[in-house]
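# An overview of the molecular structure
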Amino acid sequence: MKNLIVANWKMHKTRAEAKDFAEKLKKSLANTPLTEKEVVIIPPFTAIETVATVFADTKNISVGAQNIYPAQNGAFTGEISSVMLADIGVNFILAGHSERRQICKESDEFINEKVLFALKEKFRVILCIGESKEERDANKISEVLFRQLEKGLVGVEESDLLALVLAYEPVWAIGTGAVASEKEIKETHEIIRKKIVAIFGEKGHTVQILYGGSVKADNCSSLLAVANVNGVLVGGASLDADSFRDIILA
Ligand code: PEP
């Protein structure tokens, strides 16, 4: 299984800044064919096409979108559709990020609608799950993750699994510098793997599970060595081309 290295830019970078980043990263990887890794850059909507254009001829680097509305078009002011995203070269859709769960009040049910729709529209989907500090302290990790998985994956078929990626992102580790320990990640990824196998059977072993939360170039390779960690989802440290290149090459 290839490691998936994902950059989530959140609400950062103009088109000029995105082009600058993409050209710099492309140049710095020019002599390093990515055989063991697949890279996905998820800019804000306005910069997706800019980044997609730079990497159009680059194997194993593609672009994603931070959100999708579960309809092809219609009266949904402020939303973005599958047709529009496919039109600008999007391959991956992020769903269930904790910032959308918390700030935008997205429910497990709505996240599930997006997951199903995005899979139907032939995107690959990265479903983010993870517990808050309070939930961890109250020993509710499995309860929270099971709820997010069970509700988020209602209606997903075994045949969809190759297009499904899970990202374990403990909320307390996102943007805080407080990366989870290798022991915590190992335990939690094992819980997630067992659950996904319980839901889907042996095919559940093929689903990539990423870790996200304060990943940096200097902790990335030890995180990738943890059992059941099949890649990383990177926020802050993906905004600088040199830092993201070091993560890709870690
Ligand atoms: C994220 O945005 O999903 C994330 C993990 O952010 P950071 O790497 O900054 O913690």
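Here is a short report on the structure shown in this document. (Residues numbered from 1 in each chain as written. Predicted model: local features only at pLDDT ≥ 70, side-chain atom pairs only at ≥ 80, totals over all residues. Heavy atoms only, no water.)

### Comments concerning the overall build of the protein chain
- Each helix and strand in the protein chain was counted, giving ten helices and eight strands.
- Relative to its length of 250 residues, the protein chain is compact, with a C-alpha radius of gyration of 17 Å against a globular reference of 18 Å.
- Projecting the C-alpha coordinates of the protein chain onto the three principal axes gives extents of approximately 45 × 45 × 35 Å.
- Within the protein chain, one finds 30 positive and 34 negative side-chain charges whose respective centroids are separated by 2 Å. (Helix = DSSP H or I, 4+ residues; strand = E, 2+ residues; numbered from the N terminus. Rg over C-alpha atoms; globule rule 2.2 N^0.38 Å. Lys, Arg positive; Asp, Glu negative; His and termini not counted. Charge placed at Lys NZ, Arg CZ, Asp CG, Glu CD.)

### With respect to the packing of helix α1 (residues 15–28) against helix α10 (residues 241–249)
- Relative orientation of the contacting elements α1 and α10 amounts to 40 degrees, with a least axis distance of 9 Å. By the criterion of interaxial angle, the relationship of α1 to α10 is oblique. The crossing of α1 and α10 is right-handed. For the pair α1 and α10, the contacting residues are F21, K24, L25 and S28 in the first and A241, D242, F244, R245 and I248 in the second.
- Each residue belonging to the contact of α1 with α10 can be placed in one class, and the counts come to five nonpolar, one polar and three charged. (Axes fitted to C-alpha atoms, helices over the stretch in contact; angles between N-to-C directions. Parallel < 35°, antiparallel > 145°, perpendicular 65-115°, else oblique. Left-handed = near helix turned anticlockwise from the far one by under 90°. Contact = heavy atoms within 4.5 Å. Nonpolar A, V, L, I, M, F, W, Y, C, P; charged D, E, K, R; others polar.)

### Some points on the environment of A225
- Assignment of secondary structure puts A225 in the loop between α9 (217–224) and β8 (231–234).
- Separated by 43 residues in the primary sequence, A225 and E182 place their C-alpha atoms 9.1 Å from one another.

### Some points on helix α2 (residues 45–54)
- By the burial criterion, the buried members of α2 are A47, I48, T50, V51, A52 and V54.
- At its buried positions, α2 is contacted by α1, β2 (37–42), β3 (61–65), α3 (82–87) and β4 (90–95). (Buried < 20%, exposed > 50% of the residue type's maximum accessible area, 1.4 Å probe, protein only.)

### Brief notes about the site of the ligand
- With respect to spatial proximity, 14 residues lie near the ligand, and among them K10, H97, E169, G175 and S214 are the closest.
- E169 places a side-chain nitrogen or oxygen 2.7 Å from an oxygen atom of the ligand.
- One of the backbone nitrogen or oxygen atoms of G236 is found 2.8 Å away from an oxygen atom of the ligand.
- Here the ligand, which alone exposes 290 Å², has 96% of that area covered by the protein.
- Considered class by class, the residues forming the shell around the ligand number four nonpolar, eight polar and two charged. (Near = heavy atom within 4 Å. Polar contact = N/O pair within 3.5 Å; in protein donor to acceptor, adjacent residues only side chain to side chain. Areas by Shrake-Rupley, 256 points an atom, 1.4 Å probe, with all protein chains shown as cover.)

### So, the state of the cysteines
- Tallied over the entire structure, the rule returns zero disulfides.
- Left unpaired, C104 is separated from the closest cysteine sulfur, that of C128, by 13 Å.
- According to the relative accessible area criterion, C104 is partly exposed, its value standing at 39%.
- Taking relative accessible area as the criterion, C128 reaches 1% and is therefore assigned buried. (Disulfide = S-S within 2.5 Å.)

### Section: the pattern of salt bridges
- Counted according to the given criterion, the structure contains 20 salt bridges.
- When the shortest N-O distance is used, the salt bridge between K10 and E99 registers 2.7 Å. Here the residue K10 occupies a position in the loop between β1 (3–8) and α1, and E99 occupies one in helix α4 (residues 98–102), the gap between them amounting to 89 residues.
- E184 is the salt-bridge partner of R136, the closest N and O atoms lying 3.7 Å from each other. Of the two residues, R136 is situated in helix α6 (residues 133–137) and E184 in helix α8 (residues 182–200); the sequence distance between them amounts to 48 residues.
- Here R136 falls in the buried class, since its relative accessible area comes to 16%.
- For E184, a relative accessible area of 23% puts it in the partly exposed group.
- Here the residues in one salt-bridge network are K24, D242, R245 and D246, joined through shared partners. (Salt bridge = Lys/Arg side-chain N within 4 Å of Asp/Glu carboxyl O.)

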